[in-house]
Amino acid sequence: MAARAFSLADKLALARAFEALMRPVAQDATETLGAMAQAQRADRGRHQSLLGLVIASALNADIDSIALPYAAKVIRELFMNSARRGAWG
């Protein structure tokens, strides 16, 4: 969050997305990361660039094809590095 490359709006959007991904997600959930971003009324370009940079590159897919459980797992393991935070749900 201290990165100077991101604006305050970018950082707030990323914080909201991370918060949403930290909530329990059923392992068989079919919602995509793109659908979650759209449900939050997020700026499409901002989420594509920020989330795409981290999650889509880790999973080698577009945010519209990444299932929410996988996106949540990537965020938990990369940024919330603990056994509990890396759990599926």
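Worth saying up front: this structure is predicted, and the values here are computed from it rather than measured. The numbers attached to residues start from 1 for each chain and follow its sequence in the written order. Only residues with pLDDT of at least 70 are given local features in this predicted model, and only at 80 or more are side-chain atom pairs given and counted; all residues enter the totals for whole chains, interfaces and linings. Excluded from the side-chain calculations are hydrogens and water; all other atoms, namely the structure's heavy atoms, are used.

pLDDT measures how confident the predictor is about each residue, on a scale from 0 to 100. Across the protein, the average pLDDT comes to 76, with 76% of residues at 70 or higher. Across the protein, the secondary-structure element scoring lowest on mean pLDDT is helix H3 (residues 44-59), at 72, and the one scoring highest is helix H4 (residues 68-79), at 83. Where helices and strands are cited, they refer to DSSP runs of H or I of at least four residues and of E of at least two residues respectively, numbered from the N terminus.

How far a helix is expected to stretch is found by multiplying one less than its residue total by 1.5 Å. Over its 15 residues, helix H1 (residues 8-22) runs 21 Å from end to end, which matches the ideal 21 Å to within 8%, given 1.5 Å per residue. Regarding H1, the residues found buried are Asp10, Lys11, Ala13, Leu14, Ala17, Phe18, Ala20, Leu21 and Met22. For the exposure calls, accessible area comes from a 1.4 Å probe over protein chains only, and a residue counts as buried if that area is under 20% of its type's maximum, exposed if over 50%, partly exposed in between.

What follows concerns the environment of aspartate 64. Following the sequence through the fold, aspartate 64 ends up in the loop between H3 and H4. Residues aspartate 64 and alanine 35, 29 residues apart in the sequence, show an inter-C-alpha distance of 6.9 Å.

Our focus in this paragraph is the nonpolar core. For our purposes a nonpolar core is just a set of buried Ala, Val, Leu, Ile, Met, Phe, Trp, Tyr and Cys residues, chained together by side-chain atoms within 4.5 Å. Among the nonpolar cores identified, the biggest contains 19 residues, and Leu21, Leu33, Met36, Leu51 and Ile55 are the most heavily contacted of them. Of all the secondary-structure elements, those providing two or more residues to this core are H1, helix H2 (33-39), H3 and H4. With 6 residues, H1 is the largest single contributor of residues to this core.

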